[in-house]
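# An overview of the molecular structure
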Amino acid sequence: KVGTKSDNFSITQINNREDLLVIDSSGMGIRIPVSSFPDMNVEDTGVELSRYFKCTGRVITVMKLPSPKMLKEKNNNVCITLVTKLGYIKRVKLSEFKGISEPRPSITLTDGDELVSAMFTVEDEERDIIVFTNLGRGIRLSVNDIRIYGKTAKGLNYISLCEDEYVINANLIEVNRKTLFYLTTSGRVKITQEKYFPRMERKDEPLQLITLEKNDSLFYVASVNHKKDIVRVYFKTREPEDYKLDSLEMSMRKSRGEKLIKVPRGEAIISVKV
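Our subject in this report is the structure included herewith. Each chain has its residues counted from 1, following the order in which its sequence is written. Only residues with pLDDT of at least 70 are given local features in this predicted model, and only at 80 or more are side-chain atom pairs given and counted; all residues enter the totals for whole chains, interfaces and linings. Working from all heavy atoms in the structure, the side-chain values ignore hydrogens and water.

## Considerations on the overall build of the protein chain
Secondary structure summary: the protein chain contains 1 helix and 21 strands in total. The size measure is the radius of gyration over C-alpha atoms, and the globule rule it meets is 2.2 Å times the number of residues to the 0.38 power. Taken over the C-alpha trace, the protein chain has a radius of gyration of 18 Å; the compact-globule value for 274 residues is 19 Å, and the two agree within 12%. Here the protein chain holds 274 residues, and 43% of them are scored as buried. Considering only intrachain contacts with a sequence separation of at least 6, the fraction spanning at least 24 residues in the protein chain is 73%. Here the accessible surface of atoms and residues is derived via Shrake-Rupley with a 1.4 Å probe, and residues count as covered only by protein chains that are part of the display. Taken as a whole, the protein chain presents about 14,500 Å² of accessible surface, with 46% of it coming from carbon and sulfur. Secondary structure follows DSSP: runs of H or I at least 4 residues long count as helices, runs of E at least 2 residues long count as strands, and numbering of each begins at the N terminus. Think of it in three bands: with a 1.4 Å probe and only protein chains considered, a residue is buried below 20% of the maximum accessible area for its type, exposed above 50%, and partly exposed in between. Two residues qualify as a contact provided that any one of their heavy atoms is within 4.5 Å of a heavy atom in the partner residue.

Right under this line is the structure:
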């Protein structure tokens, strides 16, 4: 379990012979051997990540690196797909991060921009990603349409944003999960059929994914199995809670969803895991 002084955190199952790739919002990345972390109990506070990585921004992702066997099966064509707050997206070959023991840039950011998402993808593998914004809009892109660049390139702008709009995050669409789950900062949720959110082209007008009430923002979108999956929601101050999805009715794409999760004043949703 890796956390920072901000509210972001990650939980990953891993063994001591593996490495983690940590990337922060400024685009800096580093490989950290798991064996360098001390063994602790679940209730222990832990050590500051800054002992291993001098973050210049907030931690965006903590990813378990693919095994040598998996890399061999994929012919070392594993990439990291990076998405920024202002809608710049690119892929970087994972091989560019081989053996780095000091922080290295993964992307060059323009003024006012920051990295919001980083995920492993495989070159030439037919997968789509959803890039979604605070205003409840989003775009669905083929990973193969995203250009591969070196670590220092800024990538291309893929999504047209309006005033006061910015990208919140991005997620891969899972081929074996045919519905999409949406969650807002106020605790509203809904599910829709994935097929009603078609693949789009770069700079297409984003689709409205959910209708938001005043002072609400879209927080999370992910592929789910409507009948089987459980969503675990992590909060700023209280213990995480699990929510079964099979009780939710299928919604239309633009609907506002239903209030399922209580988020009282002073509380906040900080992370979600399907």
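## Considering the packing of aromatic side chains
Aromatic pairing here means that ring centres of Phe, Tyr or Trp (its six-membered ring) are within 6.5 Å. Orientation follows from the plane angle: under 30 degrees is stacked, over 60 is edge-to-face, and everything else is tilted. Using the criterion set out here, one finds 1 aromatic pair in the structure. Any Lys NZ or Arg CZ that is within 6 Å of a ring centre and within 35 degrees of that ring's normal is treated as a charge sitting over the ring. If you follow Lys85 out to its NZ or CZ, it ends over the ring of Tyr166, 4.9 Å from the centre.

## Observations concerning the sheet that holds strand β8 (residues 104-105)
The pairing criterion is simple: DSSP has to find at least two bridges between the two strands. Strands sit in the order β5-β3-β4-β8 across an open sheet of 4 strands; the sheet is antiparallel. Every interior strand has two partners, whereas the edge strands, β5 (59-64) and β8, have only one. The pairing of strand β4 (residues 28-33) with β8 spans 2 bridges and is antiparallel. Bridged to Gly29 within β8 is Arg104.

## Comments concerning the environment of Pro240
Structurally, Pro240 is set in the loop between β18 (230-235) and β19 (241-244). Separated by 152 residues in the primary sequence, Pro240 and Tyr88 place their C-alpha atoms 32 Å from one another. Those residues within four positions of Pro240 in sequence are excluded, and the remaining contacts are Arg232, Val233, Tyr234 and Phe235.

## With respect to the pairing of β19
Pairing of β18 with β19, which is carried by 4 bridges, proceeds in the antiparallel orientation. When the bridges of β19 are listed, Val233 appears paired with Glu241. The hairpin formed by β18 and β19 contains 5 residues between the paired strands.

## What to know about the pattern of salt bridges
Criterion for a salt bridge: a side-chain nitrogen of Lys or Arg within 4 Å of a carboxyl oxygen of Asp or Glu. Across all of its chains, the model carries 17 salt bridges by this definition. Where Glu96 meets Lys151, a salt bridge forms, and the shortest distance between an N and an O atom there is 3.5 Å. Of the two residues, Glu96 sits in the loop between β7 (88-93) and β8 while Lys151 sits in the loop between β11 (137-142) and β12 (156-157), which places them 55 residues apart along the sequence. Judged by its relative accessible area of 19%, Lys151 falls in the buried class. We note a salt bridge from Glu165 to Arg137, for which the minimum N-O separation is 2.6 Å. One end of the pair, Glu165, is in the loop between β12 and β13 (167-172); the other, Arg137, is in strand β11, and 28 residues separate them in sequence. With relative accessibility at 11%, the residue Arg137 sits in the buried group. Where salt bridges share partners, they join Glu126, Asp128, Arg140, Glu194 and Arg199 into one cluster.

## Examining unusual backbone geometry
What is expected of a backbone is that most residues other than glycine have negative phi and most peptide bonds are trans. Not every positive phi belongs to a glycine, and Asp124 is a case in point at roughly 70°. By the secondary structure assignment, Asp124 is in the loop between β9 (115-122) and β10 (128-133). Unusually for a residue other than glycine, Lys203 sits at a positive phi of about 70°. With respect to the helices, strands and loops of the structure, Lys203 is situated in the loop between β15 (188-193) and β16 (207-208).

Taken by themselves, the reported measurements are silent on function.
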